[in-house]
Amino acid sequence: ALRAHLNGLVPNNPRFLRQLAHYALEVKPPLGIISDFVLEQDTSDDKDGKGEPFIDLKKSGARLFVDAARVFALAAGIDATHSAARLREAAGKRHLDAMEVASAVDAFHFVQQLRLRAQLAGGEQARASANRLNPATLSEIDRRILKESLRQARRLQERLALLVDQCWPDNHIHCACFIFQSDEDGAFSRGRSLSDGDNPAGTRELAVFEFSECIRG
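Here the structure is a predicted model, which means the values were calculated and not measured.

**Examining the packing of aromatic side chains**
- This model, assessed by the stated rule, comprises one aromatic pair.
- Pairing Phe 65 with Phe 108 gives two aromatic rings, centres 5.8 Å apart and planes at 50 degrees, and the pair type is tilted. In this pair, Phe 65 sits in helix α3 (residues 58–76) while Phe 108 sits in helix α5 (residues 98–122), placing the two residues 43 residues apart along the sequence. There is no split in this pair, since Phe 65 and Phe 108 are both buried.
- Positioned above the aromatic ring of Tyr 23 is the side chain of Arg 63, whose terminal nitrogen or guanidinium carbon lies 4.7 Å from the ring centre.

**A closer look at the pairing of strand β2 (residues 53–56)**
- Judged from the two bridges that link them, strand β1 (residues 40–41) and β2 form a sheet pairing that is antiparallel. Note that in β2 the partner of Gln 41 across the bridge is Pro 53.
- With two bridges joining them, β2 and strand β3 (residues 132–133) adopt antiparallel strand pairing. Across the sheet, the residue bridging to Asp 56 is Arg 132, located in β3.

**Details of the environment of Phe 65**
- Take Phe 65: its relative accessible area is 0%, and that puts it in the buried class.
- For the pair Phe 65 and Val 111, spaced 46 residues apart in the sequence, the C-alpha separation amounts to 9.8 Å.
- Once residues lying within four places of it in the same chain are set aside, the contact partners of Phe 65 are Ala 104, Ala 107, Phe 108, Val 111, Ser 149, Gln 152, Ala 153 and Leu 156.

**A word on the nonpolar core**
- Membership of the largest hydrophobic core comes to 49 residues, with the highest contact counts inside it found for Phe 65, Phe 72, Leu 87, Leu 146, Leu 160 and Trp 168.
- Of all the elements in the fold, those that place two or more residues in this core are α2 (14–25), α3, α4 (83–93), α5 and α6 (140–167).
- Of the residues forming this core, the biggest block, twelve residues, is contributed by α3.
- Filtering out sequence-adjacent residues up to four positions away, Leu 160 remains in contact with Ala 21, Ala 24, Leu 25, Ala 68, Val 71, Phe 72 and Trp 168.

Rules of the game
Residues numbered from 1 in each chain as written. Predicted model: local features only at pLDDT ≥ 70, side-chain atom pairs only at ≥ 80, totals over all residues. Heavy atoms only, no water. Phe/Tyr/Trp six-rings, centres within 6.5 Å; stacked < 30°, edge-to-face > 60°. Helix = DSSP H or I, 4+ residues; strand = E, 2+ residues; numbered from the N terminus. Buried < 20%, exposed > 50% of the residue type's maximum accessible area, 1.4 Å probe, protein only. Lys NZ or Arg CZ within 6 Å of the ring centre and 35° of its normal. Pairing = 2+ DSSP bridges. Contact = heavy atoms within 4.5 Å. Core = buried A, V, L, I, M, F, W, Y, C linked by side-chain atoms within 4.5 Å.

If you want it as structure tokens, here you go:
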């Protein structure tokens, strides 16, 4: 009941959608201009600062698809909670190219496959760092597919940025919000208040509801 109520409110709230889209766009795919990938360095156990290079497949991979799919789905009033289903349903309602969406879904599944493969191979002790992948450890084919998957994430973000500019201009609405922490499948947990001046960037909390008074105002 709560989800259905929220889904009915959100499509008519451009202030909320713009804020959520900005959160979805703050992390960019780790693609370089000269090199294939932009890698982070693991220096936690390395005193000389030259730790193992890696891509965080959750933060810089899967999250890009999940966050964009969430915005597209909420904007269209879609009830689906799985990212792939959200993108497929949004293709028709948000006038997204069906082939482009299919490519994005395939790319998302490949990133998830790499995450699962790493988690199964790492065992319980390596579970904390299982989302970290050094592309050099992949086969040439998998590296190319990973690079193309991240390009698909970038295209999806470009679509989202265009939607923000066209449909949700910044009209400086001042209102209070209430945000909930949400997992990848859209399950709600605890929440807290969010004033208009707050910026959720860098947190795991996502705005999913604004008071109806703000929507009517």
